[in-house]
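# Notes for the structure review
If you want the building blocks of each chain, they are given just below.
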Amino acid sequence: MDFFDKLLPYLLSGISVGGQYALIAVGYTMVYGILRLINFAHGDVFIVSGLMMVYAVTWMPLWLAIPFVIVFTVLLGFLIERVAYKPLRSAPRMSVMISAIGVSYLLQNLALYVTGGLNKNYPTIPWISDTVSVFGATTKMVTLVTPVLTLVLVVLLVLLIGILFGLFQGFCVGYLEIQPFIVSMAGMFFARGMTAVISTAQLSITAEADQTFYDMANFRIYLPFGGTINRAGKLIMPYVGIGVVIALAVLVVFFLMLRYTKFGRALYAVGGSEQSAAMMGLNVKATKMKAYVLSSFLCSIGGICYCMNTMSASVNQATGLEMDAIASSVIGGTLLTGGVGNVIGTLFGVLINGTIASIVQFNGKLASSWPNVLTAALLCFFIVLQSIFAKIKERNK
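Owing to the predicted nature of the structure, the values given are computational and were not obtained by experimental measurement.

### Some words on a nonpolar patch on the surface
A surface patch of nonpolar side chains, about 580 Å² in accessible area, is lined by Phe171, Tyr175, Leu176, Ile178, Phe181 and Ile182. Among the structural elements, isoleucine 178 can be located in the loop between helix 5 (141-174) and helix 6 (180-198). You can call isoleucine 178 partly exposed: its relative accessible area is 34%.

Rendered as structure tokens:
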């Protein structure tokens with residue numbers, strides 16, 4: 001216990017510093033890891049924004065200084081890209097690297113010239129600068145906030161990528177009137193290929209990599225019923241993870257949206273008949289685009305929950321998952337012709353599909369390919385059933 005008490009202050013300090021590094025790393029990941037653009041000035045922009053905060057609070061209120069510094073930093077990044085990087089986009093990468101190093105040295109020397117190389121005291125920000133006690137160790141509130149802020153920024157980045165992806169696909173389908181099958185298939189191959197471009201390695205989610213995300217992934221809510229006793233005589237209670245909680249919350253939100261909002265009714269109308277929807281005054285193209293944006297947004301949430309469940313990420317994950325999603329929707333009552341379906345039915349379809357996979361997995365005697373066989377059989381059965389009901393409905397008209 002004494003060792004823990006002595007080590008905890010250093011751990012908290014390391015979390016604070018590491019969280020600040022992580023904020024810079026998120027930007028570097030977007031610029032270089034994804035877009036393959038070179039920029040060595042991340043750390044220098046970080047220092048310039050800190051110095052601007054020091055000087056800004058001397059001539060304006062704190063509540064105004066914070067947004068002013070944020071806007072100034074964004075404009076500085078925009079200016080760097082326009083002046084130092086944009087003219088060299090078609091130049092060899094070595095030229096861009098030399099320009100990036102020059103920008104870094106420029107910002108460093110400019111900061112030294114302005115400050116004279118002397119340390120500056122950072123202004124005290126209410127609540128963030130407060131001192132708190134954690135298990136007897138004293139630290140600043142910023143130490144606890146920084147890792148959470150980093151996680152929030154990463155999650156928002158993932159959701160933003162999904163929204164932009166859906167926006168582009170929705171524009172292609174709704175306004176350019178390209179076949180949805182072609183657009184979605186091309187989007188799937190593009191996303192899978194870009195995943196391989198970013199990283200082909202198996203990435204594990206560990207406490208060393210990101211403590212906050214690791215703790216969220218291992219968060220469990222134990223149920224007060226359904227416990228079983230294992231061979232060692234220990235009572236094992238069932239539990240649900242944070243991914244299940246997020247999925248159920250999203251399901252409730254979208255159930256209410258589809259049932260009680262104008263947009264939800266517009267989705268059903270467009271799915272049933274585009275011509276009728278247009279005659280009713282609905283914007284069919286905009287509705288299609290919004291549908292694709294929401295679909296990609298949900299995929300982003302699902303990807304985060306999937307990684308929290310598997311505690312890993314790789315380019316080969318979720319291969320063929322789109323067929324499971326289609327099968328679950330059809331089993332849940334969604335018509336492939338459009339206009340009919342609800343999230344509650346899809347939930348039951350997912351439960352049926354997942355139960356089949358779990359039974360085969362824990363049986364131990366069946367081959368791993370049997371879940372796909374049973375899912376395909378159920379999918380064919382429900383598609384035939386839908387066709388029979390459609391024929392009966394046509395005859396009764």
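### Quick word on the packing of helix 12 (residues 321-331) against helix 14 (residues 370-395)
Axis separation between helix 12 and helix 14 bottoms out at 9 Å; the angle between their running directions is 45 degrees. By the angle between their axes, helix 12 is oblique relative to helix 14. Two packed elements cross with a definite hand, and for helix 12 against helix 14 that hand is left-handed. On helix 14, the residues touching Asp324, Ile326, Ala327, Val330 and Ile331 of helix 12 are Thr375, Leu378, Leu379, Phe382, Ile383 and Gln386. Class assignment for the residues of the contact of helix 12 with helix 14 results in eight nonpolar, two polar and one charged.

### So, the packing of aromatic side chains
Pairs of aromatic rings are described using the distance from one ring centre to the other and the angle between the two planes. Overall, the coordinates contain three aromatic pairs when judged by the stated rule. Between phenylalanine 165 and phenylalanine 190 the ring centres are 6.2 Å apart and the planes differ by 25 degrees, which places this aromatic pair in the stacked class. Of this pair, phenylalanine 165 sits in helix 5 while phenylalanine 190 is found in helix 6, placing the two residues 25 residues apart along the sequence. Taking the centre distance of 5.7 Å and the plane angle of 20 degrees together, the rings of phenylalanine 171 and tyrosine 175 count as stacked. For tyrosine 175, a relative accessible area of 35% translates into the label partly exposed.

### Topic: the environment of isoleucine 352
Positionally, isoleucine 352 belongs in helix 13 (residues 343-363). Between the alpha carbons of isoleucine 352 and leucine 378 there is a distance of 9.9 Å; along the sequence they are 26 residues apart. The residues touching isoleucine 352, leaving out its near neighbours within four places in the chain, are Ile331 and Leu378.

### Quick word on the pattern of salt bridges
If the charged atoms of two oppositely charged side chains come close together, the side chains can form a pair. Per the stated rule, a full pass over the model turns up one salt bridge. One salt bridge in this structure joins glutamate 274 and lysine 288, with 2.9 Å as the shortest N-O distance. With a gap of 14 residues between them, glutamate 274 in helix 10 (residues 274-279) and lysine 288 in helix 11 (residues 284-310) connect regions that are remote in the sequence. Glutamate 274 gets classed as partly exposed once you look at its relative accessible area, which sits at 36%.

### Details of the environment of isoleucine 163
Secondary-structure assignment places isoleucine 163 in helix 5. Here isoleucine 163 falls in the partly exposed class, since its relative accessible area comes to 30%. Separated by 137 residues in the primary sequence, isoleucine 163 and serine 300 place their C-alpha atoms 8.3 Å from one another. For isoleucine 163, the contacting residues outside a window of four places in its chain are Val293 and Phe297.

### Re the nonpolar core
If you look at the biggest cluster of nonpolar residues, it comprises 18 residues, and the most contacted ones within it are Phe213, Met257, Ile301, Ile304 and Met308. Of all elements in the fold, only helix 5, helix 7 (211-217), helix 8 (242-260) and helix 11 reach the threshold of two or more residues within this core. Ranked by residues supplied to this core, first place goes to helix 8 with six residues. Non-local contacts of isoleucine 301, meaning those with residues more than four positions away in its chain, are made with Leu159, Ile246 and Val250. Among the nonpolar cores identified, the runner-up in size contains 10 residues, and Val48, Leu76, Ala84 and Tyr85 belong to it.

Rules used throughout
Residues numbered from 1 in each chain as written. Predicted model: local features only at pLDDT ≥ 70, side-chain atom pairs only at ≥ 80, totals over all residues. Heavy atoms only, no water. Patch = residues over 30% accessible without salt bridge, like charges linked within 9 Å, V, L, I, M, F, W, Y side chains within 5 Å. Areas by Shrake-Rupley, 256 points an atom, 1.4 Å probe, with all protein chains shown as cover. Salt bridge = Lys/Arg side-chain N within 4 Å of Asp/Glu carboxyl O. Helix = DSSP H or I, 4+ residues; strand = E, 2+ residues; numbered from the N terminus. Buried < 20%, exposed > 50% of the residue type's maximum accessible area, 1.4 Å probe, protein only. Axes fitted to C-alpha atoms, helices over the stretch in contact; angles between N-to-C directions. Parallel < 35°, antiparallel > 145°, perpendicular 65-115°, else oblique. Left-handed = near helix turned anticlockwise from the far one by under 90°. Contact = heavy atoms within 4.5 Å. Nonpolar A, V, L, I, M, F, W, Y, C, P; charged D, E, K, R; others polar. Phe/Tyr/Trp six-rings, centres within 6.5 Å; stacked < 30°, edge-to-face > 60°. Core = buried A, V, L, I, M, F, W, Y, C linked by side-chain atoms within 4.5 Å.

Function cannot be read off these values alone, since they describe shape.
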